[in-house]
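The lines below spell out each chain.
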Amino acid sequence: MDVTPILDSLNEPQRKAVTGPAEPMLVIAGAGSGKTRVLTHRIAWLIDVENISPHNLLAVTFTNKAAKEMRHRIEELLNIPVNNLWIGTFHGIAHRFLRRHAKEAGLEQSFQIIDSDDQLRIIKRLIKSLGLDDDRHNPKEIQYFINKQKDEGLRADQIDNKNDVDLIHMIKLYQQYQDICNQGSLVDFAELLLSTYELFRDNPQLLEKYHSTFKHLLVDEFQDTNSIQYALLRLLTGVKSTLFAVGDEDQSIYRWRGAKVEHIAQFQKDFPATKIITLEQNYRSTANILKAANAIITKNEDRIPKELWTDGEQGELIKIYAAFNERDEANFIVNRISDWEKQGNKRTEAAIIYRSNAQSRALEEALISASMPYRIYGGLRFFERSEIKDALAYLRLVSHKNDDASFERIVNKPTRGIGAKALDNIRKCAKDNNLSLWKAACFLAKNDPTGTKYNKINHFISLINRMDRETESLEIHDKIDHLINLSELIDLYQKEKGERGLTRIENLEELVTAAKSFDVDNEDEMTMLDAFLAHAALESGEEQAGAWEDCVQLMTMHSAKGLEFPLVFMCGMEDGLFPHQRNILDSKTLQEERRLCYVGITRAEQTLYLTFAEQRRLHGQDNHAPPSRFMAEIPSELKDEIRQKATGHYQSHIHQTKKTPASEAKLPVQLGQRAHHKKFGPGIILAYEGQGVHARVQVNFENVGTKWLVLSYANLELK
DNA sequence: TTATGCGGAATTTTT
DNA sequence: TTCCGCATAA
């Protein structure tokens, strides 16, 4: 057998991992060290060399994108399609199990999946129906609580209430929320995992069956697993199966949503025979970039030492730019990209990454005024758009009339005179009689003696029934087409002014097209319709279109994970922004910010810019923040601090920073001192803070009110 | 039922 | 600043 294509491109540790025996294996893969490569080649090796049928392999990822990419790369490697390979996201695979064994899992065969938006709506309604004010009962908090419990594998009755009133209350809400979901056969994301876990836990025979099926289980981004995911993996790994995990604790940036790096240690405890392989050779970035990344990440405690290296070039220094404000920062970046283009490079090779989405605004404005095309990652995806969700809600209600979430969503959309009073009655009736909203509505309408009170409701009921009848035998795309017309959603959006309504209608048309091309090998117990609806919920679709154009890439540091670009700008490098204010005080969260910084830096292949602004307008307020502490963690021999072009009163403060011993700096002002500003006029100094060139004063100006000014710019005339 | 205005909050995000 | 939810008015 010729194993060259599988092994040729691998280095020694990679090869060890790929060809390892059937034993538990943990691959600690630094950024850019060929993590995906190891995983795909391992699978190819198992199939091609070890003669394991794809059907006996289970590969789990976190995102659909990763799953797709992996399948693609395996097929490329083996030159054959591997359709029966179990590969998918945790949720996708859990979903598959649940459809196959809905009965054993205690679910209806045609259960529907709700996304976090639907979930939040249900919770909000629950709070309202209980007459609770959401000051003390923040729906988002309750949602977070419920998901957290589920992620920990806990049902409402399994939580220790610690005799804490608030906790008891939360648990009760959890239970009530769950009752609503069960009533309508609705399954949220966390529930997919929890139900699957319980399914296997409570059905040993079934589990046995899968134990003998899955000879090898492989997990990507292992550091991102939460408790229920890890528990599920453990459960699915039988005595004769082996778990192969790839991850990097330094790239764990999702602790805040339940991911636990601790699973890396837990893995070794649970599988004492575990082999560990560390991949440190990096194939992405220049040596300088890696040195900077290493320097930063070593500042984290409790970390297994690991150091990225390359046999490639030293590369350029990391460029640091101190901008006057966020506009200056944006312009600087746009100009650099412009230069980059002039050197014959592509815009799409340049990425601007930032800590929080709000930062994109100033960048966008600068890009627009420079007429430079750009693309923002993240944001609403296709199936998350409200008009799409409306259309799908019709589809769902027509096919699953007890789906309360969908009922609520569209009962009065477009408005058909069903107001709050009528709905309250329906909700009350539903609650009292343990009925779905649909059934309650039917019941009330039927038993309305006068026949007028529930007139509107009757209309709605006949509309849905008519939809059901008329579209019964149609294919999904025709069905959707009819539904959006019958529902008069189209008319609703036509009335919406501006471009917005037009886009919505286009999106609805796009939905019909999407349904037309929808096709799965539907081997599980699902109707085509349910398969489509599940697809819509689990794969929220592509992000914005326009990828075909050569555009600059904008994204948060989180969404940059896994990507790489020749030219990278990390902007907003200011303490408070990055690391984020909320994560500065606690060492755990600060370390996660630092890992995020490590992730950001390691996105860069050749050129890396770190930029910060002395002054930044945030939430309509001017802020001054010191440069990010992370920049100080990069050794100065790796940094090239770019000076600003002199603009009169303006000078290079970075240069000064180095010279001025910060601790010695004394402010040349006194509280209460009078001052005069060229633009703002006369005022009185109220306060001062900071040191050296970052020292700033608060001045109460007679004409323009109180402002904070950085002394080194303000050119204050002191009296 | 819809329009308007106020107050409060405003990381990060996949499924 | 901008977005949201809520209350109030039209």
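Residues numbered from 1 in each chain as written. Chains lettered and ligands numbered in written order. Predicted model: local features only at pLDDT ≥ 70, side-chain atom pairs only at ≥ 80, totals over all residues. Heavy atoms only, no water.

Caption draft 1: Main features of the pattern of salt bridges. Taken as a whole, this structure holds 45 salt bridges when the rule is applied. Two residues, E593 and R355, come together in a salt bridge whose shortest N-O distance is 2.3 Å. Of this pair, E593 sits in helix α26 (residues 587-601) while R355 sits in the loop between β10 (350-354) and α15 (360-369), placing them 238 residues apart in sequence. Look at E593 and you get buried, because its relative accessible area is 2%. With a relative accessible area of 16%, R355 lands in the buried category. Between R427 and D424 there is a salt bridge, with its nearest N and O atoms 3.0 Å apart. Placement of both R427 and D424 in helix α18 (residues 420-433) is noted, with a separation of three residues, approximately one turn of the helix. Residues joined in a network through salt bridges with shared partners are D115, D117, D118, R121, K389, D390, R409 and K413. (Salt bridge = Lys/Arg side-chain N within 4 Å of Asp/Glu carboxyl O. Helix = DSSP H or I, 4+ residues; strand = E, 2+ residues; numbered from the N terminus. Buried < 20%, exposed > 50% of the residue type's maximum accessible area, 1.4 Å probe, protein only.)

Caption draft 2: Summary view of unusual backbone geometry. Of note, the bond from K413 into P414 is cis; its omega dihedral lies within 30 degrees of zero at 0°. Tracing the backbone shows P414 in the loop between α17 (404-410) and α18. The linkage connecting F578 with the following residue, P579, adopts the cis geometry, with an omega of 0°. For N79, which is not a glycine, the phi torsion comes out positive at approximately 65°.

Caption draft 3: Spotlight on the side chain of D151. The topology assignment puts D151 in helix α7 (residues 139-151). No salt bridge is formed by the buried D151; its nearest oppositely charged neighbour, R257, is found at 8.0 Å. When residues no more than four places from it in sequence are discounted, the contact partners of D151 are A190, N226, S227, I228 and R257. (Lys, Arg positive; Asp, Glu negative; His and termini not counted. Contact = heavy atoms within 4.5 Å.)

Caption draft 4: α15, seen in detail. Of all the residues in α15, the buried ones are S360, A362, L363, A366 and L367. All buried residues of α15 fall inside an arc of 165° around its axis, so they share one side. Facing away from the buried surface of α15 by more than 90 degrees, the exposed residues are R361, I368 and S369. Those residues of α15 that are buried are in contact with α14 (326-342), β10, β11 (374-376) and β12 (552-556). Looking at the residues trailing α15, positive phi occurs at S371, about 45°. (Arc of directions from axis to C-beta.)

Caption draft 5: Layout of the protein's contact with DNA strand B. Neighbouring DNA strand B are 26 residues; N64, S116, R355, N357 and T556 lie closest to it. At 2.7 Å, a backbone N or O of N64 approaches a phosphate oxygen of DNA strand B. Within the contact set of DNA strand B, a base oxygen lies 2.9 Å away from a side-chain nitrogen or oxygen of S116. Classifying every residue of the surface near DNA strand B by side-chain character gives six nonpolar, 16 polar and four charged. (Near = heavy atom within 4 Å. Polar contact = N/O pair within 3.5 Å; in protein donor to acceptor, adjacent residues only side chain to side chain. Nonpolar A, V, L, I, M, F, W, Y, C, P; charged D, E, K, R; others polar.)

Caption draft 6: Structural context of the pairing of strand β3 (residues 86-89). Of the pairings in the sheet, the one linking strand β2 (residues 57-61) to β3 comprises four bridges and is parallel in character. Within β3, the residue paired with V60 across the bridge is G88. Read from β2 through helix α4 (residues 64-78) to β3, the crossover connection turns out right-handed. (Pairing = 2+ DSSP bridges. Right-handed = clockwise from strand over helix to strand, strands pointing away.)

Caption draft 7: Molecular detail of the nonpolar core. Counting 62 residues, the largest nonpolar core has F97, F200 and F222 as the members making the most contacts within it. Top contributing element to this core by residue count: helix α8 (residues 165-184), with seven residues. Excluding its chain neighbours within four sequence positions, the residues that come into contact with F97 are W86, T196, L199, F200, Y210, F214 and L236. C429, L444, L508 and M526 belong to the second-largest nonpolar core, a separate cluster that totals 52 residues. (Core = buried A, V, L, I, M, F, W, Y, C linked by side-chain atoms within 4.5 Å.)

Caption draft 8: Seen up close, the side chain of D250. You can see D250 is positioned in the loop between β7 (242-247) and α12 (262-270). For D250, a relative accessible area of 2% gives the class buried. Among the polar contacts listed, one links the side chain of D250 to the side chain of R303, at a separation of 2.7 Å. At a separation of 3.0 Å, a polar atom in the side chain of D250 contacts the side chain of K306. Contact partners of D250, with chain neighbours within four places excluded, come to I297, R303, K306, R595, Y598 and V599.

Caption draft 9: Broad picture of the packing of aromatic side chains. Under the criterion given, the structure shown has 21 aromatic pairs. Their ring planes at 75° and their centres at 5.7 Å tell us that F332 and Y609 sit as a pair that is edge-to-face. On the criterion of sequence distance, the pair formed by F332 in helix α14 and Y609 in strand β14 (residues 604-618) is long-range, its members being 277 residues apart. Under the relative-accessibility criterion, F332 is labelled buried at 7%. You can call Y609 buried: its relative accessible area is 9%. Summarising the aromatic geometry, the rings of F578 and F630 are spaced 5.2 Å apart at their centres and angled 70° between planes, so their arrangement reads as edge-to-face. Of this pair, F578 sits in the loop between β13 (565-570) and α26 while F630 sits in helix α27 (residues 629-632), and the two are 52 residues apart along the sequence. For F630, a relative accessible area of 1% gives the class buried. Linked through ring pairs, W86, F97, F200, Y210 and F214 together constitute an aromatic cluster. The aromatic ring of Y254 is capped on one face by R257, whose charged end is 3.6 Å from the ring centroid. R375 extends its terminal NZ or CZ atom over the ring of Y377, reaching a point 4.2 Å from the ring centre. (Phe/Tyr/Trp six-rings, centres within 6.5 Å; stacked < 30°, edge-to-face > 60°. Lys NZ or Arg CZ within 6 Å of the ring centre and 35° of its normal.)

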